[in-house]
Amino acid sequence: MAASSSTVAPGALPRITILATGGTIAGKANANSAVGYTAGQATAQDLIDAVPGLDKIATLQAVQISNIGSQDMNDQVWLDLAHKIDEIFAGDQADGVVVTHGTDTIEETAFFLDHVVASDKPVVLVGSMRPSTALSADGPANLRSAVQVAADSQARGRGTMVVLNDTIHGAKDVTKSNTTSVQTFTSPNSGPIGHVDAAAVQFAGPATTQPRLTFPVPGKAPLPHVDIVYSHAGMDATQVDDALGHGALGIVLAGVGDGNTAKPVVDALSAAAKRGVLVVRSSRVGSGSVVRNAELNDDELGTVSALGLNPAKSRILLQLLLSDGITDVAKVQQAFGDS
Ligand code: GLU
């Protein structure tokens, strides 16, 4: 983790740059529908203007990176974000960054940024579950909380965080757990890392002193081809064959239970691993850790255990490893332990 030299001058407000990417937080209702809305309509400045007093917490800058629903989040926007954040921190243009984002894939973007932004200054992702035009829109309060967290000196050294509904989550564990509720984000293995209210930001413990696992920002989009294979009862190897037929360099198994799957799929995955495709066993369960060499023998199969990473985040870690030229199975397993 690279140390950053600047500190906020006494009496000065922290400088926070808001990078807007779209999502429901920037969504507006459709005129002729009670429930319909379109994500990614309001601009970064609209979002700031909707939060009275935000300029009393921090000196703000806003940059529009994209304006899309996060179901359409993609490698190019990730690279644009990573380069912009690097530029902001390297040039000491801000003390923290807030990224506004749709909630569907916010955990993936958070995980990606956590693994490519080396600065110890905070990056805070924020979204909302209700569009900006809804009754009780949650976006303005969430944005205020996110700016509070990014502006707080205790946020340094914690990597990338996700803030919604008064709760601060770490990038590794955070996940969306309810389709529509404002209380949707959980950190099932470790719990939230803190809470925020109108008056204060409270972290559950000190920032870790362990260095964070980070990679160089990949040179170009798309990132290396890694597919997720979702396991279910009555499964055959079709999904694995399909992934390999389309040139996958890595496959993540969203396995049943402790990262398991049907025998024909295990055989196909092991054959692929022995031909040099990186195969990671994760789980569709949503919490817990996939235990190496327990129900399945990874040493014999040539596979990697995702440990506590869910399938979507396992895919991103594998892409970063591949784009950094790391393909040795033992080193890949080590990275999953360190992530
Ligand atoms: N699908 C949209 C998105 O992720 C709406 C979900 C949201 O932002 O809450 O951008």
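Scroll up for the structure.
Now for a description of the structure that goes with this document.

What counts and what doesn't
Residues numbered from 1 in each chain as written. Predicted model: local features only at pLDDT ≥ 70, side-chain atom pairs only at ≥ 80, totals over all residues. Heavy atoms only, no water. Pairing = 2+ DSSP bridges. Helix = DSSP H or I, 4+ residues; strand = E, 2+ residues; numbered from the N terminus. Contact = heavy atoms within 4.5 Å. Axes fitted to C-alpha atoms, helices over the stretch in contact; angles between N-to-C directions. Near = heavy atom within 4 Å. Polar contact = N/O pair within 3.5 Å; in protein donor to acceptor, adjacent residues only side chain to side chain. Areas by Shrake-Rupley, 256 points an atom, 1.4 Å probe, with all protein chains shown as cover. Salt bridge = Lys/Arg side-chain N within 4 Å of Asp/Glu carboxyl O. Phe/Tyr/Trp six-rings, centres within 6.5 Å; stacked < 30°, edge-to-face > 60°. Buried < 20%, exposed > 50% of the residue type's maximum accessible area, 1.4 Å probe, protein only. Core = buried A, V, L, I, M, F, W, Y, C linked by side-chain atoms within 4.5 Å. 1 Å grid on protein atoms, 1.4 Å probe; cavity = no way out; pocket = protein on both sides within 12 Å on 5 of 7 lines; lining within 4 Å. Points joined across faces, edges and corners; volume = space filled by probe spheres on them. Nonpolar A, V, L, I, M, F, W, Y, C, P; charged D, E, K, R; others polar.

**Structural notes on the sheet that holds strand β16 (residues 304–305)**
- Pairing within the open sheet is parallel, and its 4 strands lie in the order β13-β14-β15-β16. Sheet topology places β13 (226–230) and β16 at the edges, where each strand pairs with a single neighbour.
- The strands touched by helix α9 (residues 311–323) are β13, β14 (250–255) and β15 (278–283); relative to β14, the strand with the most contacts, the crossing angle is about 165°.

**Some remarks on the site of the ligand**
- In the neighbourhood of the ligand, the contacting residues comprise Gly23, Thr24, Tyr37, Gly69, Ser70, Gln71, Gly102, Thr103, Asp104 and Ser128.
- Here a nitrogen atom of the ligand sits 2.7 Å away from a polar atom, N or O, in the side chain of Gln71.
- Between the ligand and Asp104, the relevant distance is 2.5 Å, taken from a nitrogen atom to a side-chain nitrogen or oxygen of the residue.
- The protein chains hide 90% of the 290 Å² of surface that the ligand would expose on its own.

**A word on the environment of Val217**
- With respect to the helices and strands, the residue Val217 is situated in the loop between β12 (201–203) and β13.
- With 100 residues separating them in the primary sequence, Val217 and Val117 have C-alpha atoms 8.1 Å apart.
- Once residues within four sequence positions are removed from consideration, Val217 is found in contact with Leu79, Ala82, His83, Asp86 and Val116.

**Focus: the pattern of salt bridges**
- For the coordinates displayed, the defined rule picks out 11 salt bridges.
- Ionic pairing is found between Lys121 and Asp92, a salt bridge with its closest N-O pair at 2.9 Å. You can see Lys121 sitting in the loop between α4 (106–114) and β6 (123–126) and its partner Asp92 sitting in the loop between α3 (75–90) and β5 (96–100), a full 29 residues away along the chain.
- Residue Asp120 pairs with Arg156 through a salt bridge whose shortest N-O separation is 3.3 Å. With Asp120 in the loop between α4 and β6 and Arg156 in the loop between α5 (139–151) and β7 (160–164), the pair connects residues that are 36 residues apart, well separated along the chain.
- It is possible to trace a salt-bridge network through shared partners that takes in Arg15, Asp92, Asp95 and Lys121.

**Focus: the side chain of Asn142**
- By the secondary structure assignment, Asn142 is in helix α5.
- When sequence neighbours within four positions are dropped, the list of residues in contact with Asn142 reads Val126, Gly127, Ser128, Val163, Leu164 and Asn165.

**Let's talk about the packing of aromatic side chains**
- On inspection of all chains with the given rule, the structure shows 1 aromatic pair.
- Considering the side-chain rings of Trp78 and Phe112, the 4.9 Å spacing of their centres and the 15° angle between planes classify their relative orientation as stacked. Here the residue Trp78 occupies a position in helix α3, and Phe112 occupies one in helix α4, the gap between them amounting to 34 residues. Each member of the pair, Trp78 as well as Phe112, is classed as buried.

**Observations concerning the environment of Ala204**
- Note on placement: Ala204 falls in the loop between β12 and β13.
- Overall, the relative accessible area of 68% leaves Ala204 in the exposed class.
- Residues Ala204 and Gln93 lie 111 residues apart in sequence; the distance between their C-alpha atoms is 29 Å.
- Aside from chain neighbours lying at most four places away, what touches Ala204 is Ile193 and Gly194.

**Concerning the nonpolar core**
- By size, the foremost hydrophobic cluster in this structure holds 46 residues, and its most contacted members are Ile85, Val99, Phe112, Leu113 and Phe336.
- If you list the elements that add at least two residues to this core, you get α3, β5, α4, β6, β7, β15, α9 and α10 (329–338).
- The element that contributes the greatest number of residues to this core is α3, accounting for 8 residues.
- Setting aside chain neighbours within four positions, we find Val99 in contact with Leu19, Thr21, Leu81, Ile85, Leu113, Val123, Val124, Leu125 and Val126.
- Residues Val124, Leu143, Ala155 and Val163 belong to the second largest nonpolar core, which totals 27 residues.

**A look at unusual backbone geometry**
- Going from Ala221 to Pro222, the amide bond is cis rather than trans, its omega being -5°.
- In this fold, Pro222 is placed in the loop between β12 and β13.
- In this model, Asp92 sits at a positive phi of 50°, which is unusual for a non-glycine residue.
- Unusually for a residue other than glycine, Ser136 sits at a positive phi of about 55°.
- Positionally, Ser136 belongs in the loop between β6 and α5.

**A word on the pairing of β13**
- As defined by bridge partners, β13 adjoins β14 across 5 bridges and the pair is classed as parallel. In the strand pairing of β14, Ile228 is matched with Val252.

**Observations regarding empty space enclosed by the protein**
- Going through the model one piece at a time under the given rule, you end up with 1 cavity of 30 Å³ or more.
- By volume, the largest cavity amounts to about 40 Å³.
- Forming the boundary of the largest cavity are Leu253, Thr261, Val266, Leu269, Ser270, Arg281, Leu296, Leu301 and Thr303.
- The greatest single-element share of the lining of the largest cavity, amounting to 3 residues, is contributed by helix α7 (residues 263–274).
- When the residues that make up the lining of the largest cavity are grouped by side-chain class, the tally is 5 nonpolar, 3 polar and 1 charged.

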